Amino acid sequence: MENGQPSRTALATAYARAYHQFADEPRIFTDPLAVRILGVDATVVAQRHATPSTRPGEDPDLNRRRRIFLAARARFAEDTVAAAVATGTRQVVIVGAGLDTFAYRNPFPEVRVFEVDHPDTQAWKRRQLAHSDIPVPDSVTYVPVDFETSTLAAGLAAAGFDRTRPAVFVWLGVIMYLTREAILGTLDYIAGQADTAQVIFDYLCPGETAEERAALQARAARVGAVGEPFLSYFTPAEMAELLHGLGYLDIEDHTAPDIIADLFGKPRNPQSGNMPHVLRATHGTDQTRALTNL
């Protein structure tokens with residue numbers, strides 16, 4: 001990320017969500033603010049995002065498949081939030097919020113949304129909101145955190161986050177850019193919530209074949225060239241071991257194609273080993289008590 005500029009990957013994700021609103025049928029994730037927050041019209045979004053991939057050896061449909069995945073993971077996260085709210089959760093933390101718009105179309109006025117992001121990205125987003133005339137509800141709390149100089153714990157404490165109450169942490173499109181130490185620290189912080197906490201995040205697998213590893217290395221080189229390199233990969237077994245070690249007992253780990261198949265109502269099919277994964281895990285006193293009583 002360049003000083004004073006938003007994350008390039010956050011911006012690319014925002015354009016993908018916006019293009020999904022009018023390019024894909026059936027639409028699996030509805031966001032009426034996705035185009036508006038970008039400050040451009042649908043024509044500009046289409047021009048930027050509709051071009052098929054022309055890289056040698058790459059699937060020309062790759063852009064569409066990535067776009068569908070980004071829409072699916074957002075839908076999965078917001079469905080999780082809705083289910084948690086129905087059982088009493090009133091705090092949602094979006095870590096690495098980028099141009100995510102949930103906080104501005106939040107259907108639960110009693111739910112407080114904490115948006116955590118790098119100060120530069122967050123300041124740019126707030127200018128975009130103002131420019132686009134998108135109202136900021138009183139339920140939104142901004143938490144600027146530069147993870148090179150501060151921590152999630154310090155940022156949320158300063159913002160008034162309640163460590164004694166249930167919470168959902170949405171952490172999408174982030175951990176592949178972090179060291180394992182930073183990932184472990186954040187998951188440990190979430191596990192320290194005094195009441196039930198859920199976390200939803202996605203991660204990358206290292207690949208099982210030479211072809212898969214080469215494709216991933218090529219993608220890593222592209223994001224590294226804009227200053228946002230991939231730093232961490234996990235196998236599902238490694239991720240499960242890490243989470244169990246922190247006391248997470250209810251873990252759902254899905255491949256990207258499985259998430260998409262479920263949303264489209266289609267059967268799941270076996271997939272290769274370097275697909276992105278979306279994971280939901282729960283930690284908390286209620287869960288531990290229930291499992292202990294089985």
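What you see is a predicted model; the values in this text were computed from it and never measured.

Undergrad: Give me unusual backbone geometry: which residues, what numbers.
TA: Following Glu25, the chain continues into Pro26 via a peptide bond in cis, with omega recorded as -5 degrees. Structurally, Pro26 is set in the loop between helix H1 (8-23) and helix H2 (42-49). The phi dihedral of Asp133 is positive, around 55 degrees, even though this residue is not glycine. Along the chain, Asp133 falls in the loop between helix H4 (119-131) and strand E3 (140-144).

Undergrad: If you had to explain the pattern of salt bridges to someone new, which residues and values would you point to?
TA: Under the definition given, this model contains eleven salt bridges. Between Asp24 and Arg67 there is a salt bridge, and its shortest N-O distance comes to 2.8 Å. Of this pair, Asp24 sits in the loop between H1 and H2 while Arg67 sits in helix H3 (residues 62-86), placing them 43 residues apart in sequence. Side by side, Asp24 and Arg67 carry an identical accessibility label, which is buried. In this structure, Asp79 engages Arg75 in a salt bridge whose closest nitrogen and oxygen atoms are separated by 3.1 Å. Linking Asp79 with Arg75, this pair stays in helix H3, spanning four residues, or about one helical turn. A relative accessible area of 39% means that Asp79 is categorised as partly exposed. Ionic contacts of the salt-bridge type, sharing partners, join the residues Asp31, Glu78 and Arg105 into one network.

Undergrad: I'd love a proper account of the pairing of strand E5 (residues 197-203), names of residues and values included.
TA: Most of E5 sits inside the fold, with seven of its seven residues counted as buried. Regarding the hand of the β-α-β motif, the stretch spanning strand E4 (residues 167-171), helix H6 (residues 180-191) and E5 is right-handed. Pairing of E5 with strand E7 (residues 277-283), which is carried by seven bridges, proceeds in the antiparallel orientation. Residue pairing for E7: Ala197 is matched across the bridge by His283.

The rules behind these values
- Residues numbered from 1 in each chain as written.
- Predicted model: local features only at pLDDT ≥ 70, side-chain atom pairs only at ≥ 80, totals over all residues.
- Heavy atoms only, no water.
- Helix = DSSP H or I, 4+ residues; strand = E, 2+ residues; numbered from the N terminus.
- Salt bridge = Lys/Arg side-chain N within 4 Å of Asp/Glu carboxyl O.
- Buried < 20%, exposed > 50% of the residue type's maximum accessible area, 1.4 Å probe, protein only.
- Right-handed = clockwise from strand over helix to strand, strands pointing away.
- Pairing = 2+ DSSP bridges.

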